[in-house]
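# Geometric and topological summary
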Amino acid sequence: MITTNQHIDIPLLREKGITLYLKREDTIHPFVSGNKYRKLKYNLLEAKKQGKDTLLTFGGAFSNHIAATAYAGQEQGLKTIGLIRGEELEDKWQNNPTLNMAHEHGMQFHFVSRSDYRLKNELSFLKNLKSQFGDFYLLPEGGTNELAVKGCTEILTEDDATFDYICSAVGTGGTVAGLINASRPHQTVLGFPALKGNFLIEEIRTFAQNQRWQLVTDYHFGGYAKVDQQLIDFINLFKNETGIPLDPIYTGKMLFGIFELVKRDVFSPGSQILAIHTGGLQGIQGMNLILKEKNLPLLDV
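Note on numbering: residues in each chain are counted from 1, in written sequence order. Two thresholds apply to this predicted model, a pLDDT of at least 70 for residue-level local features and 80 or more for giving and counting side-chain atom pairs, whereas whole-chain, interface and lining totals are computed over all residues. In computing side-chain properties, one takes all heavy atoms of the structure into account and sets aside hydrogens as well as water.

Right, let's get into the pattern of salt bridges. Only one rule defines a salt bridge in this text: a Lys or Arg side-chain nitrogen within 4 Å of an Asp or Glu carboxyl oxygen. Per the stated rule, a full pass over the model turns up 15 salt bridges. Of the charged contacts in the structure, one is a salt bridge between Asp53 and Lys79, with a shortest N-O distance of 3.9 Å. With a gap of 26 residues between them, Asp53 in the loop between helix H2 (34–49) and strand E3 (54–59) and Lys79 in strand E4 (residues 79–85) connect regions that are remote in the sequence. Of the charged contacts, one joins Lys120 and Glu141 as a salt bridge, the two residues approaching to 3.4 Å between their closest N and O atoms. Here the residue Lys120 occupies a position in the loop between helix H5 (114–117) and helix H6 (123–133), and Glu141 occupies one in the loop between strand E6 (137–138) and helix H7 (146–152), the gap between them amounting to 21 residues. The structure contains a network of salt bridges with shared partners spanning Lys52, Lys130 and Asp135. Starting at the N terminus, helices and strands are each numbered in turn, a helix being any DSSP run of H or I of at least four residues and a strand any DSSP run of E of at least two.

Structure (structure tokens):
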């Protein structure tokens, strides 16, 4: 699966002598887009190889991973179970666009408290799930495991060897780890975490096969799924200037960060940057519901 690199031609980049392309991974598939397609590819093959007929995974209310797993599972003839963070959603998930879509594609939900959700990697917790749901193929939260990283190495192609920097948003670390492993010796991979803190460094090191990378931790906007008017305005302006929609959880924050680094002359003139659009556009509808409640401007769709 090869996606196109779209040149981003705006005055700031020309003024600074920077070349920026956006790899449109969001166009891979209408429902299993971007890094979710890559992460699921080899996991779905492995599930079938093991003879499993059910996928079980974890996610929050607007999780791209939950939506993608539900669709991909149905497409491959596999049942799907989603452990959803937040018991308060149990009686109102029908009002949630992401969960509605997952349900329409056959996913069975199991809502758990936030405290129980934090136990999702504990052996005793997983054992209880086995007794409750029977045999299943386990997909971690966000889909990150060795097979997911393998899939994400396929994002970069021979044509991408000309770039100096490869930039990606970071959630659980699997996508950026795949990019690190696929990068060339002359390339630096920059990860822009959507979550607050440096705790992802160790997770990425678990999978990364070289040291040519760093995390840029200044553009999370307060943490996962946190946004403000500055970010909304940036995303809407970017779409107006380029025609490309960005999700507010991952890619929007990454591109905001890239442009801030460009303004600060972090990239030397002549630098060539490839940023990865990891999809996640299904979450815009749900985010707009939240923005409307907070009387903030809505994201263009």
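Moving on from the model shown.
Let us look at the side chain of Thr278. Along the chain, Thr278 turns up in the loop between strand E10 (272–277) and helix H12 (283–293). Contact definition: two residues touch when any of their heavy atoms are within 4.5 Å. Here Thr278 is in contact with Ser33, Gly34, Asn35, Ser168, Thr175, Tyr250 and Thr251, once residues within four sequence places are set aside.

Here, expected helix span is obtained from the residue count minus one, scaled by 1.5 Å. Its 12 residues give helix H3 (residues 64–75) an end-to-end C-alpha distance of 16 Å, which sits within 8% of 16 Å, the value for a rise of 1.5 Å per residue. Buried means the residue's accessible area, taken with a 1.4 Å probe over protein chains only, is under 20% of the maximum for its type, while exposed means over 50%, and partly exposed covers the values in between. Burial within H3 is extensive, with 10 of its 12 residues counted as buried. Among all positions in H3, only Asn64, His65, Ile66, Ala67, Ala68, Thr69, Ala70, Tyr71, Ala72 and Gly73 are buried. Residues of H3 that are buried make contact with H2, E3, E4, helix H4 (97–104), strand E5 (107–112) and H12. Trailing H3 by a residue or two, Gly77 shows a phi angle of about 75°, which is positive.

To pair, rings of Phe, Tyr and Trp, with the six-membered ring standing in for Trp, must have centres within 6.5 Å; the planes then decide the type, stacked if under 30 degrees apart, edge-to-face if over 60, and tilted in the middle. Across all of its chains, the model carries 13 aromatic pairs by this definition. Look at Phe31 and Tyr71: their rings are 4.5 Å apart centre to centre, the planes differ by 25°, and that puts the pair in the stacked class. You can see Phe31 sitting in the loop between strand E2 (19–24) and H2 and its partner Tyr71 sitting in helix H3, a full 40 residues away along the chain. A residue is classified by how much of its surface remains accessible, and Phe31, at 35% relative accessible area, is partly exposed. Arranged with centres 6.3 Å apart and planes meeting at 85°, the rings of Phe58 and Tyr117 form a pair that is edge-to-face. Residue Phe58 is located in strand E3, and its partner Tyr117 is located in helix H5; the two are separated by 59 residues in the primary sequence. Comparing Phe58 with Tyr117, the two get one shared label, buried.

Even without glycine at this site, Ala225 takes up a positive phi of about 65°. Assignment of secondary structure puts Ala225 in the loop between strand E9 (213–215) and helix H10 (229–242). Take Ala225: its relative accessible area is 32%, and that puts it in the partly exposed class. Even without a glycine there, the phi angle at Asp265 is positive, about 60°. Mapped onto the fold, Asp265 is located in the loop between helix H11 (251–263) and E10.

To characterise two packed helices, one gives the angle between the axes of the helices and the distance between these axes. Between H10 and H11, the least distance of the axes is 10 Å, while the angle of their chain directions is 90°. Relative to H11, the element H10 is oriented roughly perpendicular. Facing H10, whose interface residues are Gln230, Leu231, Phe234, Ile235 and Phe238, H11 presents Gly252, Lys253, Leu255, Phe256 and Phe259. Ten residues, namely Ala, Val, Leu, Ile, Met, Phe, Trp, Tyr, Cys and Pro, are considered nonpolar, four, namely Asp, Glu, Lys and Arg, are considered charged, and the remaining ones, Gly among them, are considered polar. The class makeup of the residues in the contact of H10 with H11 is 7 nonpolar, 2 polar and 1 charged. Axis lines are fitted to C-alpha atoms, over the contacting stretch for helices. Their N-to-C directions set the angle, which ranges from 0 to 180 degrees. Oblique is the label for any angle not covered by the other classes, which are roughly parallel (under 35 degrees), roughly antiparallel (over 145) and roughly perpendicular (65 to 115).

Glancing now at the sheet that holds E10. One bridge is not enough; two strands pair if DSSP finds at least two bridges between them. Pairing in this open sheet of 6 strands is mixed, and the strands run E1-E2-E10-E7-E8-E9 from one edge to the other. Strand pairing shows two members of the sheet lacking a second neighbour, strand E1 (5–7) and E9, which therefore form its edges. In this sheet, adjacent strand axes meet at a mean angle of 25° when their direction is disregarded. Bridge count for strand E8 (residues 188–193) against E9 is 3 bridges, and the pairing is parallel. The partner of Gly191 across the bridge, within E9, is Leu215.

This paragraph deals with the packing of H2 against H3. It is at 10 Å that the axes of H2 and H3 come closest, and there the two elements cross at 45°. Relative to H3, the element H2 is oriented oblique. The hand of the H2/H3 crossing is right-handed. Each of Lys36, Leu40 and Leu44 in H2 lies in contact with H3, whose residues at this interface are Asn64, His65, Ala68, Thr69 and Ala72. For the contact of H2 with H3, a count of residues per class yields 4 nonpolar, 3 polar and 1 charged. Put simply, a crossing is left-handed when the front helix is turned counterclockwise from the back one by less than a right angle, and right-handed when it is turned clockwise.

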